[in-house]
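Close look at the chain arrangement
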Amino acid sequence: MLACRALSLFGRAGSRRKGHRVGSSKSGGGPGKSRAVLVANGDLRRSANEACWPAQKALEKQIAAAMREIGWTVRRGHPERGPMGEKHGFIASQAHGREVFAAIDPREPLIVAEAVWQYSHHVLPGLMRHKGPILLAANWSGQWPGLVGVLNLRGSLTKAGVPYAMLWTEDFSSAATRKQLRSWASTGRIEHDTSHACKVGWDDLPKWARKTGESLAAELRQRPAILGVFDEGCMGMYNAIIPDEPLHAVGVFKERLSQSALYYAMTRVEDADAKAALAWLRAKGMTFRTGRDEETDLTERQILQQLRMYIAAVRLADEFGCDAIGIQYQQGLKDLAPASDLAEGLLNCSDRPPVRAVEGPRKGKVLFAGRPVTHFNEVDECAGLDGLMTQRVCDRLGLPGDNTLHDLRWGDRDASGTVKDYVWVFEISGAAPPSHFVGGYRGTSSERQPPMYFRLGGGTVKGVSRPGEVVWSRIFVDQDRHGACRLNMDLGRCKAAELPAVETRRRLESTTPQWPIMHAVTYGVSRDQMMARHQSNHIQVVYGEDACSADRLLAAKAALASAMGMRVAICGSNARGESLAEAIAKVKA
């Protein structure tokens with residue numbers, strides 16, 4: 001029988017500090033034992049930083065008050081105005097972060113306070129060289145997604161082997177939060193419960209799953225897969241870049257492509273092709289909420305540009321033999337074209353507007369007919385590898401393979417009382433396939449992206465994920481005791497729940513109402529357990545046909561990851577409340 005315990009992830013030790021564990025961390029003290037330095041990392045986009053600054057100031061005030069309660073003071077490590085007079089106090093670039101950390105004693109206790117989305121690479125150079133204890137502190141809000149930003153930063157620090165402690169809370173004045181702050185102040189650690197994650201070895205998986213996993217892994221060794229990467233490092237997500245060596249070892253290679261090549265290919269798409277794709281979507285019942293103002297509305301011109309991107313992406317994927325592709329969009333294409341999200345959502349759907357080759361040996365033929373062109377949003381290579389594996393496992397098992405990532409955006413109790421469990425808001429900016437939504441295309445709408453983030457507009461692929469049984473997962477990178485990068489996969493089960501329309505509306509209005517949403521109930525994994533271990537703001541999801549098929553899919557996927565040499569952890573329980581790691585061993589083919 002498997003014995004579940006808190007799993008550890010060890011970073012590179014170095015000469016000055018010990019490795020950290022997911023859920024707890026420790027690093028040495030320094031001068032100013034009862035004083036901490038606070039930094040605030042933000043977006044690269046000035047409009048976003050200035051709009052979000054009041055929420056950040058409120059969070060910093062709460063943190064300072066909580067630290068005073070335990071006898072500590074907090075000083076800000078940089079001014080509340082940007083170096084060019086910006087009306088915010090965020091670190092807004094890597095160069096800015098370099099100057100901020102150059103003026104901070106590397107031995108001082110350091111708090112990274114996050115009330116908003118942030119670009120991790122702004123602060124990585126400083127955090128990777130910091131010797132004192134580091135605390136990542138986030139709010140718990142749908143509107144101001146500090147929890148999303150802090151999950152990305154923690155995944156980046158885990159990959160870099162940097163020790164840290166992490167705290168998230170709705171109330172910094174609570175007794176529980178003060179207890180956690182005292183622990184960090186005295187030891188550099190905050191302990192969290194990660195007992196939901198069970199390490200699974202090869203022999204713990206059913207024989208049929210091992211056979212399936214080894215067969216698929218052998219195929220990758222014989223004929224490696226290709227990830228088409230349209231510019232790495234979207235929004236500074238260091239955790240989303242898989243180093244070449246561990247990726248090559250599992251039989252996957254990158255085709256490094258340029259967003260400029262994608263933009264050029266968009267200019268080669270005929271107007272008639274883009275209009276035909278739009279007509280196809282409207283015939284399927286998809287709704288486009290349009291207006292006339294390019295600054296604030298979704299317009300037909302923007303939609304046709306997005307469909308040119310979709311068509312160009314399919315043709316480039318075929319030209320370069322890609323098994324999956326990822327488009328960064330930020331920071332290159334955002335100044336040239338409307339948002340990539342409509343294209344991404346269509347790419348991930350097996351039922352989508354047909355795209356024909358215009359040259360080469362397949363000229364005139366429909367490309368990837370009846371299949372998704374698996375796309376990894378924000379060029380998250382961990383999600384790309386996961387999506388590729390998911391597609392191959394689903395093909396082998398005869399299951400629909402349409403899959404996507406979402407953000408772990410927020411969560412709350414169901415205010416309507418319909419669902420008694422804690423309900424997560426899984427939400428992403430538009431890469432979810434219409435096949436995941438209630439009503440398919442007829443339940444899908446496209447709305448203009450918020451101007452604060454998307455100056456040139458473009459529509460989303462919005463819908464409410466249909467009720468059903470789901471496998472969630474995340475691939476992430478950490479370091480072994482020698483400092484070498486290695487691949488890990490966490491997997492678990494959840495259900496997409498059905499909530500009343502008024503509750504769905506409340507959740508959308510509390511986050512970003514233009515985006516697709518999944519009401520997710522994670523089996524056997526509490527909110528705080530998920531936050532304690534999850535190594536990204538992203539989470540991958542794919543539907544099973546029912547609970548049994550979802551369990552089979554998870555077992556085969558875990559076996560494939562294990563056969564590829566990844567460290568595998570199975571999290572939580574199955575739909576019946578049984579330990580998932582133990583139940584999977586009994587799953588029949």
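Attention in this report is confined to the structure presented alongside it.

Conventions we followed
Residues numbered from 1 in each chain as written. Predicted model: local features only at pLDDT ≥ 70, side-chain atom pairs only at ≥ 80, totals over all residues. Heavy atoms only, no water. Axes fitted to C-alpha atoms, helices over the stretch in contact; angles between N-to-C directions. Helix = DSSP H or I, 4+ residues; strand = E, 2+ residues; numbered from the N terminus. Parallel < 35°, antiparallel > 145°, perpendicular 65-115°, else oblique. Left-handed = near helix turned anticlockwise from the far one by under 90°. Contact = heavy atoms within 4.5 Å. Nonpolar A, V, L, I, M, F, W, Y, C, P; charged D, E, K, R; others polar. Pairing = 2+ DSSP bridges. Expected span 1.5 Å × (residues − 1). Bend = angle between axes of the 7 residues up to and from the residue. Buried < 20%, exposed > 50% of the residue type's maximum accessible area, 1.4 Å probe, protein only. Phe/Tyr/Trp six-rings, centres within 6.5 Å; stacked < 30°, edge-to-face > 60°. Lys NZ or Arg CZ within 6 Å of the ring centre and 35° of its normal.

**Describing the packing of helix α12 (residues 381–397) against helix α15 (residues 547–563)**
Viewed as axis vectors pointing N to C, α12 and α15 meet at an angle of 125°, and their least axial separation amounts to 10 Å. Taken together, the axis directions place α12 and α15 in an arrangement best described as oblique. Considering how the two elements wind past one another, α12 and α15 form a crossing that is right-handed. Judged by residue contacts, Asp386, Met389, Thr390, Val393, Cys394 and Leu397 of α12 engage Arg552, Leu553, Ala556, Lys557, Leu560 and Ala561 from α15. Partitioned by chemical class, the residues of the contact of α12 with α15 number eight nonpolar, one polar and three charged.

**Quick word on the packing of helix α8 (residues 259–267) against helix α10 (residues 300–319)**
Close contact between α8 and α10 brings their axes to 8 Å; oriented N to C, the two are set at 110°. In terms of orientation, α8 lies roughly perpendicular with respect to α10. Considering how the two elements wind past one another, α8 and α10 form a crossing that is right-handed. Contact residues: α8 offers Ala261, Leu262, Ala265 and Met266, while α10 offers Gln305, Arg308, Met309, Ala312, Ala313 and Leu316. Considering only residue class, the contact of α8 with α10 consists of eight nonpolar, one polar and one charged.

**As for the sheet that holds strand β2 (residues 73–76)**
In spatial order, the strands read β2-β1-β3-β4-β5; together these five strands make up an open sheet with parallel pairing. Looking at strand neighbours, the two that pair on one side only are β2 and β5 (165–168), the edges of this open sheet. Shown here is a sheet whose adjacent strand axes are inclined to one another by a mean of 25°, direction ignored. In this sheet, β5 lies alongside strand β4 (residues 134–138) in parallel orientation, the contact comprising four bridges. Each residue of the ladder has a partner; that of alanine 138, found in β5, is tryptophan 168. Against the sheet, helix α5 (residues 175–187) contacts β1 (35–39), β3 (110–114), β4 and β5, and its axis sits at roughly 165° relative to β5.

**Let's talk about helix α1 (residues 46–69)**
Spacing of three or four residues puts side chains on the same side of an α-helix, whose turn is 3.6 residues. The first and last C-alpha atoms of α1 sit 34 Å apart over 24 residues, in line with the 34 Å expected at 1.5 Å per residue. Along its length, α1 shows its largest kink, about 50°, at tryptophan 53, and proline proline 54 lies within four residues downstream of that point. Here α1 has its buried residues at Ala48, Asn49, Cys52, Trp53, Ala55, Gln56, Leu59, Glu60, Ile63, Ala64, Ala66 and Met67. Structurally, α1 contributes buried residues whose contacts are with β1, β2, β3, β4 and α5.

**Digging into the packing of aromatic side chains**
For the coordinates displayed, the defined rule picks out six aromatic pairs. Aromatic side chains tryptophan 280 and tyrosine 441 sit 5.5 Å apart centroid to centroid with 85° between the ring planes, which places their arrangement in the edge-to-face category. With tryptophan 280 in helix α9 (residues 271–284) and tyrosine 441 in the loop between β12 (422–427) and β13 (445–446), this pair connects stretches of sequence that are 161 residues apart. The class for tyrosine 441 is buried, based on a relative accessible area of 6%. Through a chain of ring-to-ring contacts, three or more aromatic side chains come together here, namely Trp140, Tyr422 and Trp424. Just above the ring of tyrosine 238 sits the side chain of lysine 159; from NZ or CZ to the centre is 3.9 Å. Above the ring of tryptophan 208, the side-chain terminus of arginine 552 is found at 5.9 Å from the ring centroid.

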